[in-house]
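So you can see what is in the structure, the chains are spelled out below.
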Amino acid sequence: MTVNLALIVVIGVTFACGVTLLLERSLTRIVVGTLLVGNAVNLIFIVASGAPGRAPIVDESDPSPMSDPLPQAMVLTAIVITLGVAAFLLAMAYRSWQLQGHDEVQDDMEDRLIMRLAELDEASQSYEEGGGSPDEEGTDTEEVER
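Nothing here was measured: the structure is a model prediction, and the numbers come from that model.

### Examining the overall build of the chain
Alright, step 1. Within the chain, the secondary structure is distributed over five helices and zero strands.
Alright, step 2. Mapped from its N terminus to its C terminus, the chain presents α and β elements in the order α-α-α-α-α.
Alright, step 3. Sorting the 146 residues of the chain into buried and exposed places 18% on the buried side.
Alright, step 4. Summarising the internal contacts of the chain: among those between residues at least 6 apart in sequence, 49% fall at separations of at least 24.
Alright, step 5. Of the roughly 11,200 Å² of accessible surface on the chain, a fraction of 62% belongs to carbon and sulfur atoms.

Below is the structure:
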């Protein structure tokens, strides 16, 4: 099986650009990064599927030169999933633009507080120093016995 080196380089560059865009704060760039990563994964599936062959359903004599239809079905499924995620992210970006006038992802204030408390090595107020350990349902065993 021979692999096209130029196609592998294109996959690597596309994947790297997509990951770089996914790490940005703008939802528009995150959408473009998601699309680039999705396309790079689709190209990986196509390269990993091997050389093209005959149609798998037409001839029943020798199955060795036939192409495997599974990678093609996986690529079609990945295209649909990428389209759904992109539509959801575009709807979020549009709604953020309507409400705030920009599509930047904001930091959560609770996350900043927890980071500050972790730097000071203190517990937050939401942490309860209870006597018992939580069971499977999340309630303390002492509270259940009472």
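The structure having been displayed, the exposition proceeds.
### Remarks on the environment of Asn 4
Alright, step 1. By secondary structure assignment, the location of Asn 4 is in the segment before α1 (5–22).
Alright, step 2. Along the sequence, Asn 4 and Val 47 sit 43 residues apart, while their C-alpha atoms lie 8.3 Å from each other.
Alright, step 3. Reaching out from Asn 4, the side chain makes a polar contact with the backbone nitrogen of Ala 6 at a distance of 3.3 Å.

### A few points about the pattern of salt bridges
Alright, step 1. Summed over the entire model, instances satisfying the criterion amount to one salt bridge.
Alright, step 2. Glu 24 is the partner of Arg 29 in a salt bridge, and the nearest nitrogen-oxygen pair spans 3.4 Å.
Alright, step 3. In this structure Glu 24 comes out as partly exposed when scored by relative accessible area, which is 32%.

### Looking at the nonpolar core
Alright, step 1. One finds Leu 27, Ile 30, Val 31, Leu 89 and Ala 93 forming the largest nonpolar core, which totals five residues.
Alright, step 2. Of all the secondary structure elements, the ones that give two or more residues to this core are α2 (27–48) and α3 (69–100).
Alright, step 3. At three residues, the largest contribution of residues to this core is made by α2.
Alright, step 4. The residues contacting Leu 89, other than those within four sequence positions of it, are Ile 30, Val 31 and Thr 34.

### Here we look at the environment of Thr 34
Alright, step 1. As for its position among the elements, Thr 34 is in helix α2.
Alright, step 2. Classification of Thr 34 as buried rests on a relative accessible area of 17%.
Alright, step 3. The sequence separation of Thr 34 and Val 19 amounts to 15 residues, and the corresponding C-alpha distance is 8.0 Å.
Alright, step 4. Aside from chain neighbours lying at most four places away, what touches Thr 34 is Leu 22, Thr 82, Val 85 and Leu 89.

### Considering the layout of surface pockets
Alright, step 1. When its volume is computed, the largest pocket comes out at roughly 160 Å³.
Alright, step 2. In the lining of the largest pocket, the residues fall into four nonpolar, four polar and one charged.

### Some points on the packing of α2 against α3
Alright, step 1. Across the interface, α2 lies against α3 with an axial gap of 9 Å and an inter-helix angle of 180°. Here α2 is positioned roughly antiparallel relative to α3, judged by the angle of their axes.
Alright, step 2. For the contact of α2 with α3, the class distribution of residues is 17 nonpolar, five polar and no charged.

### Focus on the side chain of Thr 82
Alright, step 1. Its place among the elements puts Thr 82 in helix α3.
Alright, step 2. By relative accessible area, which is 15% here, Thr 82 ends up buried.
Alright, step 3. Separated by 2.8 Å, the side chain of Thr 82 and the backbone oxygen of Ala 78 make a polar contact.
Alright, step 4. Setting aside its immediate chain neighbours within four residues, Thr 82 contacts Thr 34, Leu 35 and Gly 38.

About the cut-offs
- Residues numbered from 1 in each chain as written.
- Predicted model: local features only at pLDDT ≥ 70, side-chain atom pairs only at ≥ 80, totals over all residues.
- Heavy atoms only, no water.
- Helix = DSSP H or I, 4+ residues; strand = E, 2+ residues; numbered from the N terminus.
- Buried < 20%, exposed > 50% of the residue type's maximum accessible area, 1.4 Å probe, protein only.
- Contact = heavy atoms within 4.5 Å.
- Areas by Shrake-Rupley, 256 points an atom, 1.4 Å probe, with all protein chains shown as cover.
- Polar contact = N/O pair within 3.5 Å; in protein donor to acceptor, adjacent residues only side chain to side chain.
- Salt bridge = Lys/Arg side-chain N within 4 Å of Asp/Glu carboxyl O.
- Core = buried A, V, L, I, M, F, W, Y, C linked by side-chain atoms within 4.5 Å.
- 1 Å grid on protein atoms, 1.4 Å probe; cavity = no way out; pocket = protein on both sides within 12 Å on 5 of 7 lines; lining within 4 Å.
- Points joined across faces, edges and corners; volume = space filled by probe spheres on them.
- Nonpolar A, V, L, I, M, F, W, Y, C, P; charged D, E, K, R; others polar.
- Axes fitted to C-alpha atoms, helices over the stretch in contact; angles between N-to-C directions.
- Parallel < 35°, antiparallel > 145°, perpendicular 65-115°, else oblique.

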